[in-house]
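What follows is each chain in one-letter form.
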Amino acid sequence: MTSSTTPGLSRFNALEEAAATAELHEVCSSPAWGSKILAQRPYASADLLFAASDAAMGELTPADMEEAMAGHPPIGRPKPGDPTSAREQRGMAGASEELKAELLELNLAYQEKFGHVFLICATGATAEFMLDQIRTRIENGPEQEREIVRTELGKINRIRLTRLVEEAAEEGSKA
């Protein structure tokens, strides 16, 4: 974790509210989460930003969680033209057609059971790992799965916030 102010964090702290809101929406599509992060600016360190993100994630209501999950495409189907989605789902690139078909089938069954996409922090994960996870998690009850999803969203937000605070001040932001 980063303990001092980086050029990216300084840039984020200095952004106008509308621009900062837009950048935070790229990290997490929950307006409640974004509002909580904005309310605590400026951040003296990335660690403080990460702690604020973790705290805000813990406070999200079920409706807020639905908004946060709405920003994530199903595993195996990254948003076309979205470099963040493609980067995060890179582990699916070499998956066999059989694995992709099984994952799609399980995604649909998961969505039917829980009412939302299967959400997992896919960064660095293999297609086989994600398939194993959905096979296991589809057996969970709704409350257990809701907390797992909250944890996975928190991991994703941290990865995306890390990218935001590590960007050079002159670069455009694509958290």
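Conventions we followed
- Residues numbered from 1 in each chain as written.
- Predicted model: local features only at pLDDT ≥ 70, side-chain atom pairs only at ≥ 80, totals over all residues.
- Heavy atoms only, no water.
- Helix = DSSP H or I, 4+ residues; strand = E, 2+ residues; numbered from the N terminus.
- Rg over C-alpha atoms; globule rule 2.2 N^0.38 Å.
- Buried < 20%, exposed > 50% of the residue type's maximum accessible area, 1.4 Å probe, protein only.
- Contact = heavy atoms within 4.5 Å.
- Lys, Arg positive; Asp, Glu negative; His and termini not counted.
- Charge placed at Lys NZ, Arg CZ, Asp CG, Glu CD.
- Axes fitted to C-alpha atoms, helices over the stretch in contact; angles between N-to-C directions.
- Parallel < 35°, antiparallel > 145°, perpendicular 65-115°, else oblique.
- Left-handed = near helix turned anticlockwise from the far one by under 90°.
- Nonpolar A, V, L, I, M, F, W, Y, C, P; charged D, E, K, R; others polar.
- Core = buried A, V, L, I, M, F, W, Y, C linked by side-chain atoms within 4.5 Å.
- 1 Å grid on protein atoms, 1.4 Å probe; cavity = no way out; pocket = protein on both sides within 12 Å on 5 of 7 lines; lining within 4 Å.
- Points joined across faces, edges and corners; volume = space filled by probe spheres on them.
- Arc of directions from axis to C-beta.

Asks: Explain the overall build of the protein chain to me, using residue names and the numbers behind them.
Replies: For the protein chain, the helix and strand inventory stands at nine helices and zero strands. Counting from the amino terminus, the protein chain carries its helices and strands in the arrangement α-α-α-α-α-α-α-α-α. Taking 16 Å as the expected radius of gyration for a compact globule of 175 residues, we find that the protein chain reaches 17 Å, a close match to that expectation. Along the three orthogonal principal directions, the C-alpha set of the protein chain runs to about 45 × 35 × 25 Å. Of all 175 residues assigned to the protein chain, the portion counted as buried reaches 46%. The contacts in the protein chain between residues at least 6 apart in sequence include a share of 70% that link residues at least 24 apart. Taken as two groups, the 18 positive and 28 negative side-chain charges of the protein chain have centres that lie 1 Å from each other.

Asks: Any chance you could break down the packing of helix α2 (residues 17-27) against helix α3 (residues 31-39) for me, citing the residues and the numbers?
Replies: Running from N to C, α2 and α3 cross one another at 130°; their axes reach a closest spacing of 9 Å. By the criterion of interaxial angle, the relationship of α2 to α3 is oblique. The two elements α2 and α3 meet at a crossing, and its hand is right-handed. Contact residues: E17, A20, T21, L24 and V27 in α2; W33, G34, I37 and L38 in α3. Here the residues of the contact of α2 with α3 are counted per class, giving six nonpolar, two polar and one charged.

Asks: Summarise the nonpolar core; cite the residues concerned and give the values.
Replies: Counting 46 residues, the largest nonpolar core has F12, W33, I37, L49, I75, M92 and L153 as the members making the most contacts within it. Ignoring anything within four residues of it in the chain, the contact list for I75 reads Q89, M92, L103, N107, F118, I120, A122 and M130.

Asks: Describe empty space enclosed by the protein, listing the residues and the values that go with them.
Replies: A complete count under the given rule lists one cavity of 30 Å³ or more for this structure. The calculated volume of the largest cavity comes to roughly 130 Å³. Lining of the largest cavity is provided by 14 residues; of these, H72, I75, E88, Q89 and I120 occupy positions nearest its centre. Only α6 (83-88) and α9 (142-166) provide two or more residues apiece to the lining of the largest cavity.

Asks: So what's going on with helix α1 (residues 7-14)? Residues and values would help.
Replies: Within the span of α1, buried status applies to G8, L9, R11, F12 and N13. Packing partners of the buried residues in α1 comprise α2, α3, α4 (46-58) and α9.

Asks: An account of unusual backbone geometry is needed here, citing residue identities and associated values.
Replies: In this structure, the amide linkage connecting R41 to the following residue, P42, adopts the cis form with an omega of 0°. Mapped onto the fold, P42 is located in the loop between α3 and α4.

Asks: Outline α3, supporting the account with residue identities and numerical values.
Replies: Regarding α3, the residues found buried are W33, G34, I37 and L38. The buried residues of α3 occupy an angular sector of 130° when the element is viewed end-on, so they sit on one face. The inward-facing, buried residues of α3 abut α1, α2, α4 and α9.

Asks: An account of the side chain of H116 is needed here, citing residue identities and associated values.
Replies: Turning to its location among the elements, H116 is positioned in the loop between α7 (97-114) and α8 (127-137). Excluding residues that lie within four positions of it along the chain, H116 makes contacts with M69, Y110, Q111 and V149.

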